[in-house]
Amino acid sequence: MRHIRAFVVLAAFLLFTVPLMPLQLFFVRSGSNYARRFPHWYHRWVCKILGIRVSLEGSVESDKGVLLVSNHVSWLDIPVISAIAPVSFIAKREISSWPFVSWLAKLQRTVFVNRERKTEVTEKTSEILRRLEAGDTVVLFAEGTSSDGNTVLPFKTSLFAAVKPSGDEAVHPDISVQTLAITYRKIYGLPVGSRQRHLIGWYGDMDMGSHGWRLLGLGPLDVSIRLGPPVPLDDFAGRKELARYTEERVRRDVIELARGKPLEPQSPAAPIDGEIAEPA
């Protein structure tokens, strides 16, 4: 039955997606405002096709550009996050060469960054800041890779260089930062524990094709997202402060979402354990 479900879901996804790709290409090349909004509509339907139900706490600020700093669990994060608001992504350069996936990413106006070349990071800084100043919402997966869903990996300070360069002065009054915590909580209505999270997480050297096929056959998924309050980008002295704030906030929110209850109050200096316990 799982193979049948995976085949039906994949066929429905392709039949829905392929005819819409030329339309989005037209929006992107013509500079239409629909280039930003259309993928949001599209991914809401993709989540329905995939059987994903999203529970959302909070909202994305809509009157200014927003940098969404998120943890990263699976390739499913892309349609799930795109379904809650019109967003674009910052992605590693390698994705721009992946068959089919690269086309979808480019149509969503993804910014590709070669993290090994500091000169390119500097060049992309201007592009990302222009997008944010124009009112775009841009997603940064600050761990630099995806995890197995059982922990939040340390945020890489270097990844924030594209939005908070060293020595950057307070010149971005119309840009806010919000954290986004995402966790997959149920499969077929049953709670997901530490032994099942690897079924959803796509990490390490996993093959995307085989992992995707298994995931599509699992059944309906419930995912929870919590958005932090908007904070002006200029409130952060540098990228280290920005990375520290967002990591602590995302880690706490992910643990609370997975457990289904708030953490006990801690001293501000006390570290938060990155391991996610079983849901209550």
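The structure this text deals with has already been given above.
Remember, predicted model here, so these are calculated numbers, not experimental data.

Focus on the overall build of the chain
Along its length, the chain carries 9 helices and 9 strands. In the chain, of all internal contacts separated by at least 6 residues, the share reaching a separation of at least 24 is 74%. When the accessible surface of the chain is totalled, it reaches about 14000 Å², and 57% of it is carbon and sulfur.

A short note on the environment of Trp-75
With respect to the helices and strands, Trp-75 occurs in the loop between β2 (65-70) and α4 (77-82). Its relative accessible area of 18% is what places Trp-75 among the buried residues. Measuring from C-alpha to C-alpha, the distance between Trp-75 and His-211 comes to 9.9 Å, with 136 residues separating the pair along the chain. Filtering out sequence-adjacent residues up to four positions away, Trp-75 remains in contact with Trp-202, Met-208, His-211, Gly-212, Leu-215 and Leu-216. Looking at Trp-75, its side chain comes within polar contact range of the side chain of His-211, at 3.1 Å.

Notes on helix α3 (residues 34-50)
The terminal C-alpha atoms of α3, which comprises 17 residues, lie 24 Å apart, in line with the 24 Å expected from a rise of 1.5 Å per residue. Contacts from the buried residues of α3 go to α1 (2-17), α2 (21-30), β1 (52-57), α4 and α8 (208-216).

Remarks on a nonpolar patch on the surface
Residues Met-1, Ile-4, Phe-7, Val-8, Leu-10, Leu-14, Val-18 and Trp-213 make up a contiguous nonpolar surface patch of roughly 800 Å² in combined accessible area. Position of Ile-4 among the secondary structure elements: in helix α1.

Concerning the packing of aromatic side chains
Between two aromatic rings, the relevant description is the distance of the centres plus the angle of the planes. Tallying each qualifying case throughout the model produces 9 aromatic pairs. With centroids separated by 5.9 Å and ring planes inclined at 45 degrees, the aromatic side chains of Phe-16 and Trp-41 adopt a geometry described as tilted. Within this pair, whereas Phe-16 is found in helix α1, its partner Trp-41 is found in helix α3, the two being separated by 25 residues in sequence. Since its relative accessible area comes to 39%, Trp-41 is described here as partly exposed. In textbook terms, an aromatic cluster arises when at least three aromatic residues are bridged by ring pairs, as seen for Phe-16, Phe-26, Phe-27, Tyr-34, Phe-38, Trp-41 and Tyr-42. Across the ring face of Trp-45, the terminal group of Lys-48 is positioned such that the distance to the ring centre comes to 4.4 Å.

Focus: the pairing of β2
By the criterion of burial, β2 is predominantly enclosed, with 6 of the 6 residues buried. Of the two faces of β2, both are covered, the one formed by Gly-65, Leu-67 and Val-69 as well as the one formed by Val-66, Leu-68 and Ser-70. As paired elements, β2 and strand β6 (residues 175-187) share 6 bridges and run parallel to each other. Residue pairing across strands places Val-66 opposite Ser-176, the latter belonging to β6. When β2 meets strand β5 (residues 137-141), the two strands line up parallel, connected through 5 bridges. Its bridge partner being in β5, Leu-67 is matched across the sheet by Val-138.

Description of the side chain of Ser-74
Mapping Ser-74 onto the fold places it in the loop between β2 and α4. A polar contact is formed between the side chain of Ser-74 and the backbone oxygen of Ile-200, at a distance of 3.0 Å. Residues contacting Ser-74, with those up to four places away along its chain left out, are Ser-146, Ile-200, Gly-201, Trp-202, His-211 and Leu-215.

Considerations on unusual backbone geometry
Of note, Arg-109 is a non-glycine position whose phi angle comes to about 65 degrees, a positive value. One non-glycine residue with positive phi stands out, namely Tyr-188, at about 55 degrees. You can see Tyr-188 is positioned in the loop between β6 and β7 (190-191). Residue class for Tyr-188 comes out exposed when judged on its relative accessible area of 56%.

Reading the values: rules and limits
- Residues numbered from 1 in each chain as written.
- Predicted model: local features only at pLDDT ≥ 70, side-chain atom pairs only at ≥ 80, totals over all residues.
- Heavy atoms only, no water.
- Helix = DSSP H or I, 4+ residues; strand = E, 2+ residues; numbered from the N terminus.
- Contact = heavy atoms within 4.5 Å.
- Areas by Shrake-Rupley, 256 points an atom, 1.4 Å probe, with all protein chains shown as cover.
- Buried < 20%, exposed > 50% of the residue type's maximum accessible area, 1.4 Å probe, protein only.
- Polar contact = N/O pair within 3.5 Å; in protein donor to acceptor, adjacent residues only side chain to side chain.
- Expected span 1.5 Å × (residues − 1).
- Patch = residues over 30% accessible without salt bridge, like charges linked within 9 Å, V, L, I, M, F, W, Y side chains within 5 Å.
- Salt bridge = Lys/Arg side-chain N within 4 Å of Asp/Glu carboxyl O.
- Phe/Tyr/Trp six-rings, centres within 6.5 Å; stacked < 30°, edge-to-face > 60°.
- Lys NZ or Arg CZ within 6 Å of the ring centre and 35° of its normal.
- Pairing = 2+ DSSP bridges.

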